[in-house]
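Per-entry structural report
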Amino acid sequence: MSLDQAEAAAPPAAGPAPRKPGRQGRGATGLLRRGRRSGRWWTPWLFLAPALLLFLYFKFIPMANALTMSFQEVQPYLGNKWVGTENYATVLQSHGFREAAWHTLVLAAGQTAGSMALGLALALLMEGQSRRLKFVRSAAFLPVVVPLAVVAELWRIMYHPTGDGMLNSLLGMVGMGPSGFINDPDTSMASIMVTGIWRGAPYDMMIILAGLTSVDRGLYEAAKVDGASRWQRVWHVAVPGLRSVFSILFILAAIRGLRVFTEVFLLTNGGPDGSTEVVMTLIYKLGLEQNRLGVGAAGAVLLFVATLILTVVVQLLRRRESK
């Protein structure tokens, strides 16, 4: 037999075995399982632990204590007495609480609508990448980072009711008489509303600016070619593109309005004649000034439930529209 015939008759050399599909995926899964068994899964929780402990101690434990106190007659140093839903009945049957709830709803609705509308207008005016616009946006955002106590004191000075007050001086230039602002029951609520809009609008502006970057620029160009005016492009292109942003802003602004306390407390403390009394200031007075901690806790729980219901309803409506 020749050498060529012997090579032809020899069996082929065994090559590498073909790799089964999915072997690499099973290896990665095995490494992940071994990593979990070795203790690596708790590494992210280790970094989150300090923040979670702070939330637990300063937020969730007080919330649980408030829920318990709402069913009790709190008697410091004497022991609490279980009264069931009596505190809730006292709150709901109180004429002062109903007035405070109405004032809270009016203030929340006005501040929500005003801050979103002004924020949209500011966002449309400051949209762009110019360096000057970046400086103007930073300056417009300053009311958000200024402490609320400073903001309230600033507006208290501007709302000085005499003729030589800052805002009354401006009104005098256009021939209008001096106003009492926060000292007048007819204008006190509107004055606090303006303060809340002035502080909340820049925050809404920044979120709307972020949302405008996701709007397709081709739609603007198509609308312009079709002869749409600037207002029509805003209404039919920008506003529909910001629908999800508006839903988020509505929830945030509504919660901010329902929980309003500091500006009311510092500007009017619920006055004059209870015209600006809101739920939070009423809870503060019941709990800390009148020492009716159980009734105040019941009011706080009711406010939390109202906020939760509002959030859930908005989320359900948002999901229904997205389907």
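Reading the values: rules and limits
- Residues numbered from 1 in each chain as written.
- Predicted model: local features only at pLDDT ≥ 70, side-chain atom pairs only at ≥ 80, totals over all residues.
- Heavy atoms only, no water.
- Helix = DSSP H or I, 4+ residues; strand = E, 2+ residues; numbered from the N terminus.
- Buried < 20%, exposed > 50% of the residue type's maximum accessible area, 1.4 Å probe, protein only.
- Contact = heavy atoms within 4.5 Å.
- Areas by Shrake-Rupley, 256 points an atom, 1.4 Å probe, with all protein chains shown as cover.
- pLDDT = per-residue confidence, 0-100.

As a further point, take the overall build of the protein. When helices and strands are tallied, the protein shows 16 helices and 2 strands. Counting across all 323 residues of the protein, residues that qualify as buried make up 33%. Long-range contacts, defined as pairs at least 24 residues apart, comprise 65% of the intrachain contacts of the protein with a sequence gap of at least 6. About 21,100 Å² of surface is accessible on the protein, with carbon and sulfur atoms providing 65% of the total.

Structurally, Thr307 is set in helix α16 (residues 293-322). Under the relative-accessibility criterion, Thr307 is labelled buried at 10%. Among residues more than four places away in sequence, those in contact with Thr307 are Ile255 and Leu258.

Moving on, we come to the confidence of the model for the protein. Predicted confidence across the protein gives a mean pLDDT of 81, with 86% of residues reaching 70 or more. Per-element confidence in the protein ranges from a low mean pLDDT of 46 for helix α1 (residues 3-9) to a high of 90 for helix α3 (residues 43-69). Segment residues 1-10: pLDDT under 50, and 1 contact once partners within four positions in sequence are set aside and those in other chains are kept.

It is worth spelling out unusual backbone geometry at this point. In the segment running from Gly271 into Pro272, the intervening peptide bond is cis, with an omega of -10°. Topologically, Pro272 is positioned in the loop between α14 (262-267) and α15 (279-289). Positioned with a positive phi, Phe181 is a non-glycine residue whose angle comes to about 50°. Here Phe181 is to be found in the loop between α9 (166-173) and α10 (188-212). You can call Phe181 buried: its relative accessible area is 11%. Phi at Asn269 takes a positive value of approximately 55°, unusual for a residue other than glycine. Looking at the secondary structure, you find Asn269 in the loop between α14 and α15. On the basis of relative accessible area, Asn269 is assigned to the partly exposed category, the value being 31%.

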